[in-house]
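Residue-level structure breakdown
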Amino acid sequence: MSIQVTPDLNQVGVVSSVDTELLSLYQTQSIAVQEPELVSLLQAIRDRAAETVQQSKIPTTRDEEWRFTDLSALKSVNFQAASSSKPNLAALESLLLPEARSRLVFVNGVYAPDLSAVTLPDGIIASNLDGLPPAYHSQIKKYLAQLPGAQEVFTALNTAAIADVAIVWIPKNIVVETPIHLLFISTASNTPIVSQPRCLVVAESNSSVTLIEDYFNQMTNLEAEETEAEVGEAVYFTNAVTEIWLAENAQVNHTRIERDSPEAFHIGKTAIAQARDSRYTCTAITLGAKLSRHNLEIFQTGEQTQTILNGLTKISGNQLADTHSTLALNHPYGTSLQQHKCIVGDRAHAVFNGKIFVPKPAQQTDAAQLNRNLLLSPKARVDTKPQLEITADNVKCAHGATVSQLDDDEVFYLQSRGLNATDARNLLVNAFAAEIINQIPIPSLQQTLLKTINL
Amino acid sequence: MIVENSGTVLSVRDLTAEVEGTPILKGVNLEIKAGEIHAIMGPNGSGKSTFSKVLAGHPAYKVTGGEVIFQGNNLLEMEPEERAQSGVFMAFQYPLEIPGVTNLDFLRVAYNSRRKVQGLEELDAFDFDEIVQEKLEVVKMNPTFLNRSVNEGFSGGEKKRNEILQMALLEPKLAILDETDSGLDIDALKIVANGVNQLATPDNAILLITHYQRLLNYIVPDFVHVMADGRVITSGGKELALELESRGYDWVLEENVSEVGAK
């Protein structure tokens, strides 16, 4: 037996050159918009972000925010810009939601008009940038890449590479009756590709809309049986950013589903601005990717906002799924209710970090946070950290975290009623997951997801 | 009731079992025929609850010897769910709470698993609802319980009634009621006992495991067995229970220790 000595790749010099490679990814993506006014707007936004990227480093586990999430595997892959491969509509059929009459489809981050379908009353906008009526052009710059947190390295990387934007714009006083489905498809390929989808939602005052933001790998989800082995090799990197602006008294119900290939990398930012009296609900389901990170950031810009955050992570194998949420309350009378659950099997590793800031002005805030974890194997791991910073003195804030395993006695109880051990375990895991999945306002999607949860 | 020439439902011979290496059952013998109601009484730690769990197939208990024949089949070779599917039912001393699963769904899954084995078509939610509404009467249960999570937030009495409701739906050949009476007030006890009496037929058998004679005023057993130190040390008719109530367990223990010693 011989012992091989490998050079230490963690030497500073090596790391920085790998960093540069990943951080130069934005340069490969060109603007996919025709309208000259928008092109110059995008170019300005991209240039600013590129400057930020050039001054940034890829975080390491020495950074507190990335303590448990090691990005070296991501850095070691040589990603290419996506080629223009496109699935056909028939292949997408099983992913379409009967409840959602409108959908925008992006393939590897590029708008696919022939796969999209929009059936919405006049005045409601769901399109890519080119489809945006000229009257809105000047307004875009008030919103796009304007939320705090835009300096974060992966958000800046996405911004520096904006090629197009999925836009949903709901005018004042309009209630959109049917959900809008935003599908971001990655197509499997032999060369690792990167796609950086961007989404902007503006809900004007008193408007209401239901959105489903859906990330998946075409092959894994469509022809699972036959192509499973092949898809196992499908390495790609999705770096997504979604910004949602809720004006006064607006309401947005947002479902975010990440079901990327098991070898994929997914880093996603969901940034929300909530004006006074607005109501925002996010139900985030994380199922896929070898390494995923969801940064969920809510900024309250006025009083009496309501924020409901539901999260479910179900991972197995060697998956790592990290959710970092930040809720910044700066005004009085806000309420927030957060429940994040993780189901972790095999040697998988889930991370939850939930920050809630309640500074002095945010009096009468009512905030609750609960993180519950179910470990299905002795090697499964969860790192959880509720982080409440409260300086206001007249508020109600509660938080808690639990870690448990499937209870043998519960399994036996179900077996003694005739269920076999597998069905019994499935029923218990499903019940744990259902509490979150049932919050999704789309029955067909609830059904699909509950089936996915089975062990 | 004792039925002439009825078939044997359960036959236990020299059953020994241990938990984490500690012997608990040290040679249990018991014969139950169709139509009969048996009661096993005994002081705490005598092994009565272990006996019921071994019969139901709890994985924490290891059978080390003896045999258990249920309707001609070797019960000990069967998985817990196979025992349930073939007609063994145990009402739990501490029914578990299952948050997130509605009682109705749970009952339907259990009901259908039994039907599947019987070669019958599984019932959908609609057809099942009709059946369950009817069975609710047996334990005087409010239909709103069906839409709550299994046993979650139920009172002690409600949990035990829910167990009997499951028994009513599953129509077992052998029902083992593990301390179903403990912790119940008299009103709840009457409802539970009345439910069990309605479910007793000449074709099935009931095994009551209890610490208190009080239950036997409402469910009258055909046979009473006293268990101590992992064995059935004496058996008799229902009058044995009354004697135990008035004299306690000590006299049985003393008499039988000398008897065992004499053997």
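Being a predicted model, the structure only gives us computed values, none of them experimental. (Residues numbered from 1 in each chain as written. Chains lettered and ligands numbered in written order. Predicted model: local features only at pLDDT ≥ 70, side-chain atom pairs only at ≥ 80, totals over all residues. Heavy atoms only, no water.)

1. As for the overall build of chain B
Tallying secondary structure elements over chain B gives eight helices and twelve strands in all. Against the 2.2 N^0.38 benchmark of 18 Å for 263 residues, chain B shows a C-alpha radius of gyration of 18 Å, consistent with a compact globule. Projected onto its principal axes, the C-alpha positions of chain B cover 65 × 40 × 40 Å. Per-residue burial for chain B yields a buried fraction of 52% across its 263 residues. Counted over contacts in chain B with a minimum sequence separation of 6, partners at least 24 positions apart contribute 70%. For chain B, the computed accessible surface area is about 11,700 Å², with 48% contributed by carbon and sulfur atoms. Charge centroids of chain B, computed over 24 positive and 40 negative side chains, lie 2 Å from each other. (Helix = DSSP H or I, 4+ residues; strand = E, 2+ residues; numbered from the N terminus. Rg over C-alpha atoms; globule rule 2.2 N^0.38 Å. Buried < 20%, exposed > 50% of the residue type's maximum accessible area, 1.4 Å probe, protein only. Contact = heavy atoms within 4.5 Å. Areas by Shrake-Rupley, 256 points an atom, 1.4 Å probe, with all protein chains shown as cover. Lys, Arg positive; Asp, Glu negative; His and termini not counted. Charge placed at Lys NZ, Arg CZ, Asp CG, Glu CD.)

2. What about the packing of aromatic side chains?
Evaluation of the coordinates by the stated rule reveals 15 aromatic pairs over all chains. Residues Tyr143(A) and Trp169(A) carry aromatic rings whose centres are separated by 5.5 Å and whose planes lie at 90° to one another, so their mutual orientation is edge-to-face. With Tyr143(A) in helix 5 (residues 137–143) and Trp169(A) in strand 5 (residues 166–170), this pair connects stretches of sequence that are 26 residues apart. There is no split in this pair, since Tyr143(A) and Trp169(A) are both buried. Relative to Phe128(B), the ring of Tyr111(B) has its centre 5.3 Å away and its plane inclined at 50°; by these criteria the two rings are tilted. Here the residue Tyr111(B) occupies a position in helix 3 (residues 103–117), and Phe128(B) occupies one in helix 4 (residues 125–136), the gap between them amounting to 17 residues. Residue classification places Phe128(B) among the buried positions, given a relative accessible area of 0%. Chaining the aromatic ring pairs together yields one cluster made of Trp66(A), Phe79(A), Phe154(A), Phe237(A) and Phe265(A). Arg293(A) extends its terminal NZ or CZ atom over the ring of Trp66(A), reaching a point 3.8 Å from the ring centre. (Phe/Tyr/Trp six-rings, centres within 6.5 Å; stacked < 30°, edge-to-face > 60°. Lys NZ or Arg CZ within 6 Å of the ring centre and 35° of its normal.)

3. Observations concerning helix 4 of chain B
Residues and elements named next belong to chain B. Here helix 4 contains twelve residues, and its C-alpha end-to-end distance of 16 Å stays within 8% of the 16 Å for a straight helix at 1.5 Å per residue. Within helix 4 the residues assigned to the buried category are Phe128, Val132, Lys135 and Leu136. One side of helix 4 holds all its buried residues, which, seen down the axis, span an arc of 100°. Seen from the buried face of helix 4, the exposed residues on the opposite side, beyond 90 degrees, are Phe126, Glu130 and Glu134. Those residues of helix 4 that are buried lie in contact with helix 3 and helix 5 (156–170). (Expected span 1.5 Å × (residues − 1). Arc of directions from axis to C-beta.)

4. Examining the confidence of the model for chain A
All names here are of chain A. Across chain A, the average pLDDT comes to 89, with 91% of residues at 70 or higher. Here helix 8 (residues 224–231) stands out as the least confident element of chain A, with mean pLDDT 44; strand 13 (residues 279–286) is the most confident, with 98. Between residues 1–15, whose pLDDT stays under 50, and residues either more than four places distant or in other chains, the model counts four contacts. Low pLDDT, under 50, characterises residues 220–232; the predicted model gives this stretch 18 contacts beyond four residues in sequence or across chains. (pLDDT = per-residue confidence, 0-100.)

5. Some remarks on the packing of helix 3 of chain B against helix 5 of chain B
The axes of two packed helices give the description: the angle between them and the distance between them. Residues and elements named next belong to chain B. Look at helix 3 against helix 5: their axes get within 10 Å of each other, and the N-to-C directions meet at 35°. The handedness of the crossing between helix 3 and helix 5 comes out as right-handed. Side by side, helix 3 and helix 5 meet where Asn103, Phe106, Leu107, Ala110, Tyr111 and Arg114 of the first sit next to Asn162, Leu165, Gln166, Leu169 and Leu170 of the second. Here the contact of helix 3 with helix 5 is built from residues that sort into seven nonpolar, three polar and one charged. (Axes fitted to C-alpha atoms, helices over the stretch in contact; angles between N-to-C directions. Left-handed = near helix turned anticlockwise from the far one by under 90°. Nonpolar A, V, L, I, M, F, W, Y, C, P; charged D, E, K, R; others polar.)

6. A closer look at empty space enclosed by the protein
All names here are of chain A. Evaluated as defined, the whole model comprises seven cavities of 30 Å³ or more. If you add up the space inside the largest cavity, you get close to 80 Å³. Considering the residues around the largest cavity, the lining is formed by 14 residues, among which Ala284, Asn310, Gly311, Thr323 and His340 are closest to the centre. The set of elements that each furnish at least two residues to the lining of the largest cavity consists of strand 13, strand 14 (291–300), strand 15 (306–315), strand 16 (320–328) and strand 17 (335–344). When residues in the lining of the largest cavity are grouped by element, the largest group, five residues, is from strand 15. Considered class by class, the residues forming the lining of the largest cavity number four nonpolar, ten polar and no charged. Roughly 70 Å³ of volume is contained in the second largest cavity. Lining the second largest cavity are 13 residues; nearest its centre among them are Glu64, Phe68, His324, Val351 and Asn353. (1 Å grid on protein atoms, 1.4 Å probe; cavity = no way out; pocket = protein on both sides within 12 Å on 5 of 7 lines; lining within 4 Å. Points joined across faces, edges and corners; volume = space filled by probe spheres on them.)

7. Some remarks on the pattern of salt bridges
Applying the stated criterion across every chain, the model contains 24 salt bridges over all chains. Of the charged contacts, one joins Glu163(B) and Arg417(A) as a salt bridge, the two residues approaching to 2.7 Å between their closest N and O atoms. Here Arg417(A) lies in the loop between helix 9 (408–415) and helix 10 (421–437) and Glu163(B) lies in helix 5, a pairing that spans two chains. Of the two residues examined, Glu163(B) and Arg417(A), each falls in the buried class. One salt bridge connects Glu97(B) with Lys159(B), and the closest N-O pair in it is separated by 3.1 Å. (Salt bridge = Lys/Arg side-chain N within 4 Å of Asp/Glu carboxyl O.)

8. Overview of helix 2 (residues 36–54) of chain A
Taking 1.5 Å as the rise per residue, helix 2 of chain A with 19 residues should run 27 Å; its terminal C-alpha atoms sit 26 Å apart, in good agreement. Those residues of helix 2 of chain A lying buried are Leu38(A), Leu41(A), Leu42(A), Ile45(A), Arg46(A), Ala49(A), Ala50(A), Thr52(A) and Val53(A).

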